[in-house]
Structures are given as structure tokens and as C-alpha cells.
Amino acid sequence: PLKLGQLSRMVSAKDANAVREGLTSGQIDIVIGTHALLAKTIKFRDLGLIIVDEEQHFGVKHKERLKEYRGDTHVLTLTATPIPRTLQLAMSGIRDLSLIATPPVDRLAVRTTVGPFDPVVARETLLREHYRGGQSFYVAPRIRDLNGIAEFLRDELPELKFKIAHGQMGSGELEDVMTAFYEGKFDVLASTTIIESGLDIPTANTMLIHHADMFGLSQLYQLRGRVGRSKQRAYAYLTTSPRKKLTDSAERRLKVMQSLDTLGAGFTLASHDLDIRGAGNLLGEEQSGHVKEVGVELYQHMLEEAVAELREGGAPSEETWSPQINIGTSVLIPDTYVADLDVRMALYRRLGGLENEAELDGFAAELVDRFGSMSSEVKHLLEIVGIKMVCRRAGIAKIDAGPKGAVITFRNDQFVNPAGLVEFISQSPLDVKVRPDQKFVYRQTWPGDKLRLKGARKIAEIIAEIAAEA
């Protein structure tokens, strides 16, 4: 009962005009199309649902255009490799996220190899696919690279038939080439990234990517997804120029591609992309951000606080703030104690999530069990975390401790039990006072790190007890 329309550069001008009129009048129920649907000449009578497939091909401008149609239109975006900005929106709770991680039955992962281009290996690879009855893709980053690939195929592989495809070809010619390849009339399709998405050719199970360092991470993943779409084992060879030194980010991209060769790894790969490139400006057109300056996890934490604040219409919950403790001593897990960087980062993350003294004691026992007796830096770190737990109970935002005592700053410059604090100051034999700027000053002689840590904890516990009496 539904009337469908189609709009892209493959549609004739007469049919395209009919589709535009049908959308304006409301006669067409569902329209399927490319970026052509985002043109300003398109008018919808009553748009209710937008489904964006291969979302990574749509820039920020295109997505802003989608929003202009109607504020309450439902939007579903689908992608194997979300771009960093979209992944960031989903992970921070601004957009809802669903994962499909189950591959089709009998589907095998694509074997991925990265290395400098070798004509002998390329020839053997393409011939092996040909002799097992399959077809191959040979992908280049630029149209001008296709001539060199065509020359290589003519000279080195005269036994194989090949054709070229790229976006500057006429729509009729391009359609003829793709149809012939689908029907198995030639062996190798040399193309640009025009084949990146939307193709499902079960007989094509080998792909060579020329100058793989010039492609983005999601592009490489999408290209690799064009092979291995049947029960056959597929192979992807990512080649680089032997004479060209790779940039650090290109090397990271290729390493990620080689390591993530399991099925359904798109989300993990997109997370790596987010880490490498940063999340960009979430609300504008700029796509370069400063996430890597603070690290993705800290950025996520900050963003979660901001989203929670906006949703609840108030300040972030009490659980999300962290006191600052400045003792003037080294507090860290040194690489001489835990050599592996990833393990150290995981330990720091766990340490940040501990909530009480029992958990802290258990963590300390685990460190000794796994890595041996703790160094002084690690002991100081655990003591600082313990002081922070006390400070949260006491409402202390910051402790600055030095050889002559400590200056304590209360959260929001307020204390829950000011009367109890005044009583403590008046009765205390110690040199304590509250300054006009609401900071609490505790004078003591603490010549060493151990005394400062012990003293800071003691005064924090006293203030926590006064706060508990409120």
C-alpha cells in the first residue's frame, strides 16, 4: 500500500522532478536517496522519520540540514564505524545508542595484512583469488593512481580481466561496470573509495588497498567490509609506499586495523578513532578537538557531569566531585613498579572509582600480591586517596599542606556545621582559625612527607566528625 520514490544522480531529470512533486504533495510515502535529498529544493509535506544509513558519509552541515526539516522528526542513524563526533554524542548520553555485535551465521573474519607494496605478493594474491574462482578489489585513494594500477595489472597479470570505476565516470558507464563485476564478467575492479559502502558481492573476497596510509580509519574499515560477505575466507592487504615514511597517526591507524580483525569490531575501532582524532566541536562544523589534551576518559567524565546537570536542572551529584590534596610529595605508580603502561592506566582508573576504606585496603593488598612490596610513591598515592575519602565526608574541596601546617578550602566556601567549627576553634589548644576568605588555617610543624600526610588526614577526620554532628 506504500508508494516509494528514489532520488540520486542515477535517476533521470524527469523522474527526479516527479519525485520532488510527490514529496511536496505527500503522494510519496517513502523516499530512498543519497545526499540529493538534502537539497534546498526538496520540500516534505509531513516528514516523520529519517533513517540515515552509512552515517559516516554525512558531514555536520548535512546533519544540521536534517534538523531543519522539523524539530520533532525521529532520526535513526546506522553505521558500522561512527565518526568520532557521533560516537561521542552517543557515549555521552546526548543520543541513544544500540549495538549489533552478532555476525551472520558462518561468516568468517577478514584476514588483514599491513606492509610495504611488493609487486610479487600483489600478483600472487590476485592470482590465488582468481584460481579459487573469486574476484578482487584493487582500491586507490586518488583517481590519478588508477592509471598506475591499470599498467601494473596489464603488465604483471595479463591472464586477468580488469575494469576501472571512479566517481567522475558517467552514471550509465559506472552502472555498467558495477553490473558486469557483480555478474562475474571480469576478475579485478580497480577503483577509488566509491565502492566503500553499499556493495554486496559475495564472490569478491580479496582486496588490495594502495597507499593505505592515506585513508581514514573508518574508511579502511568500511573498505575491508566489502570482502568476506559470504562463507568464504576473505583477505585484505593494506599496502604502503616503501619509499615513504609513515606519519605517527597513519602508523597508529594501520596498527589498529591489523589488530582489530574480529567480526563486529566497528565500535571498538571507532573508539580508537575517537582517541586518535579527538571528538571535535560537538555542536559546530569544526572536526578537530582537544580531547587528546585531557584524555578521552576524563573528557567523558566532564561531559557526563555537564549532561547530568542539564538534564536534572541542577548541580552534578555529590558523588562526582573530587577533593584536591597538595602535600608536595611524589604520588604515582612508577614504571619501575608496574612496567606496562596499559596496566598502570587501568590501576589509576580503578583507584579513582574506589568508594570506601575497605575497598582501598583490598586494592593495596592486591598491589602487593601482584607486584611486590609498594614503593614510597605508591604508599603516598594510596594515603592521598584515603584522605580524599575523608574530605568528601567533611565537605573539604582542597587541602594545601606544607612544613608549617595546612590551609583547608571548604566546598563552595560553605561548611555544613559552622557552629560546631566555631566551638572547635574556641576550645582547641592548637593554632587554628578561619580567615576572612572562609579558608580554615591549621598551623603545625610538619617537616617531612609522612608527618604532612598523617597531619592532613588527622585534621580532615576532625572536620568530618564535626560535619557529621550537623
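Refer to the structure printed above.
The structure reproduced in this document is the subject of the present report.

Scoring rules and cut-offs
Residues numbered from 1 in each chain as written. Predicted model: local features only at pLDDT ≥ 70, side-chain atom pairs only at ≥ 80, totals over all residues. Heavy atoms only, no water. Pairing = 2+ DSSP bridges. Helix = DSSP H or I, 4+ residues; strand = E, 2+ residues; numbered from the N terminus. Axes fitted to C-alpha atoms, helices over the stretch in contact; angles between N-to-C directions. Contact = heavy atoms within 4.5 Å. Buried < 20%, exposed > 50% of the residue type's maximum accessible area, 1.4 Å probe, protein only. Core = buried A, V, L, I, M, F, W, Y, C linked by side-chain atoms within 4.5 Å.

### Description of the sheet that holds strand E8 (residues 188-191)
Working step 1: The parallel open sheet is built from 6 strands, whose spatial order is E5-E10-E9-E6-E8-E7. Edge positions in the sheet fall to strand E5 (111-116) and strand E7 (162-165), since each of these pairs with one other strand and no more. Between one strand axis and the next, the sheet turns by 20 degrees as a mean value, whatever way the strands run.
Working step 2: In the sheet, E5 pairs with strand E10 (residues 235-240) via 6 bridges, with the strands oriented parallel. In the strand pairing of E10, Gly115 is matched with Thr239.
Working step 3: With respect to the sheet, helix H4 (residues 119-131) is in contact with strand E6 (135-139), E8, strand E9 (204-209) and E10, its orientation differing from that of E9 by roughly 165 degrees.

### Some details on helix H7 (residues 217-224)
Working step 1: With 7 of its 8 residues buried, H7 lies for the most part within the structure.
Working step 2: Among the residues making up H7, those that are buried are Leu217, Ser218, Leu220, Tyr221, Gln222, Leu223 and Arg224.
Working step 3: Looking at the packing, one finds that the buried side of H7 touches E5, E6, E9, E10, helix H8 (248-259) and helix H9 (266-277).

### Focus: the pairing of E6
Working step 1: Of all the 5 residues making up E6, 5 are buried; the element is thus mostly covered by neighbouring parts of the structure.
Working step 2: A two-sided burial pattern is seen for E6, the buried positions comprising Gln135, Phe137 and Val139 on one face and Ser136 and Tyr138 on the other.
Working step 3: Sheet topology places E6 next to E8; 4 bridges connect them, and they run parallel. By the bridge assignment, Val139 is partnered in E8 with Ser191.

### Quick look at the nonpolar core
Working step 1: By size, the foremost hydrophobic cluster in this structure holds 35 residues, and its most contacted members are Phe137, Leu189, Ile195, Met207, Ile209, Leu220 and Leu238.
Working step 2: Of all the secondary-structure elements, those providing two or more residues to this core are E6, helix H6 (171-182), E9, H7, E10, H8 and H9.
Working step 3: At 5 residues, the largest contribution of residues to this core is made by H6.
Working step 4: Apart from the residues within four sequence positions on either side, Phe137 is in contact with Phe181, Leu189, Ile195, Leu199, Ile201, Ala204, Thr206, Met207, Leu208, Arg226 and Val227.
Working step 5: If you look at the next biggest cluster of nonpolar residues, it comprises 28 residues, including Ala406, Leu421, Tyr442 and Ala456.

### Regarding unusual backbone geometry
Working step 1: The phi torsion at Glu54 lies on the positive side, around 50 degrees, for a residue other than glycine.
Working step 2: Counting through the fold element by element, Glu54 comes out in the loop between strand E3 (49-52) and helix H2 (60-69).
Working step 3: With relative accessibility at 18%, the residue Glu54 sits in the buried group.
Working step 4: You will see that Asp106, though not glycine, has its phi angle at about 70 degrees, which is positive.
Working step 5: Among the structural elements, Asp106 can be located in the loop between helix H3 (84-91) and E5.
Working step 6: Exposure remark for Asp106: the relative accessible area of 47% places this residue in the partly exposed category.

### Let's talk about the sheet that holds strand E12 (residues 396-402)
In a beta sheet, neighbouring strands are held together by backbone hydrogen bonds and run either parallel or antiparallel to one another.
Working step 1: If you walk across this open sheet you meet the 5 strands as E11-E12-E13-E15-E14, and the pairing is mixed. Sheet topology places strand E11 (324-326) and strand E14 (431-434) at the edges, where each strand pairs with a single neighbour. Geometrically, the sheet is characterised by an average inter-axis angle of 10 degrees between neighbouring strands, direction not taken into account.
Working step 2: Here 6 bridges tie E12 to strand E13 (residues 405-410), and the two strands are oriented antiparallel to one another. Within E13, the residue paired with Lys398 across the bridge is Thr409.

### A few points about the pairing of E13
Working step 1: For E13, a buried count of 5 out of 6 residues is recorded, marking the element as mostly surrounded by other parts of the structure.
Working step 2: The antiparallel pairing of E12 with E13 creates a hairpin that spans 2 residues between the two strands.
Working step 3: Bridging between E13 and strand E15 (residues 440-443) involves 4 bridges; their strand directions are antiparallel. Each residue of the ladder has a partner; that of Ala406, found in E15, is Tyr442.

All quantities given are derived from atomic positions and should not be read as evidence of function.
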